[in-house]
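Now for the letters of each chain:
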Amino acid sequence: AGGAGRDGDRLLLWTCHGRSNQRWQVQPDGRITGINGKCIDIPRRSTAVGTGLVLWTCNGGANQRWTTTLASQPPGGPPPPQEPPWSPIPQPSPP
């Protein structure tokens, strides 16, 4: 964001400099807030490829809630547990 923190300010990738317009906080409900307490927002709830993100007054909409997925975790949840690739070696019983 350009630093003004107005509704509709576009979010841009930029070299880190540590100022307030690059500080974000993830809220427990999935909102990500930044300058002036505004939320990262998907304009008009668009699902079009290439839609840019903007700042907007937080309103509780689904277009302002975010989740994370681990790179090793497929969409929909973690993979099912797998058997280890080895078997324990039986130990002889003591005499």
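In what follows, the structure referred to is the one given above.
Residues numbered from 1 in each chain as written. Predicted model: local features only at pLDDT ≥ 70, side-chain atom pairs only at ≥ 80, totals over all residues. Heavy atoms only, no water.

## As for the overall build of the protein chain
Next up, step 1: Scanning the protein chain from N- to C-terminus turns up 0 helices and 4 strands.
Next up, step 2: Its helices and strands taken in sequence order, the protein chain reads β-β-β-β from the N to the C terminus.
Next up, step 3: For the protein chain, the residues scored as buried account for 21% of the 95 residues in total.
Next up, step 4: Residue pairs in contact within the protein chain that sit at least 24 positions apart in sequence constitute 40% of those at least 6 positions apart.
Next up, step 5: For the protein chain, the exposed area adds up to about 7800 Å²; of that, 58% sits on carbon and sulfur atoms. (Helix = DSSP H or I, 4+ residues; strand = E, 2+ residues; numbered from the N terminus. Buried < 20%, exposed > 50% of the residue type's maximum accessible area, 1.4 Å probe, protein only. Contact = heavy atoms within 4.5 Å. Areas by Shrake-Rupley, 256 points an atom, 1.4 Å probe, with all protein chains shown as cover.)

## As for the state of the cysteines
Next up, step 1: Scanning the model with the defined rule gives 1 disulfide in all.
Next up, step 2: The partner cysteine of C39 in its disulfide is C58, sulfur to sulfur 2.0 Å. With the S-S bond torsion at 105°, the cross-link from C39 to C58 turns out right-handed. Residue C39 is located in strand β3 (residues 39-41), and its partner C58 is located in the segment after β4 (54-56); the two are separated by 19 residues in the primary sequence. (Disulfide = S-S within 2.5 Å.)

## Brief notes about unusual backbone geometry
Next up, step 1: At R44, a position not held by glycine, the phi torsion is positive, near 50°.
Next up, step 2: Within the secondary structure layout, R44 lies in the loop between β3 and β4.
Next up, step 3: Here R44 falls in the exposed class, since its relative accessible area comes to 78%.
Next up, step 4: Even without being a glycine, R45 presents a positive backbone phi close to 55°.
Next up, step 5: Within the element layout of this structure, R45 appears in the loop between β3 and β4.
Next up, step 6: When its relative accessible area of 55% is taken as the criterion, R45 is described as exposed.

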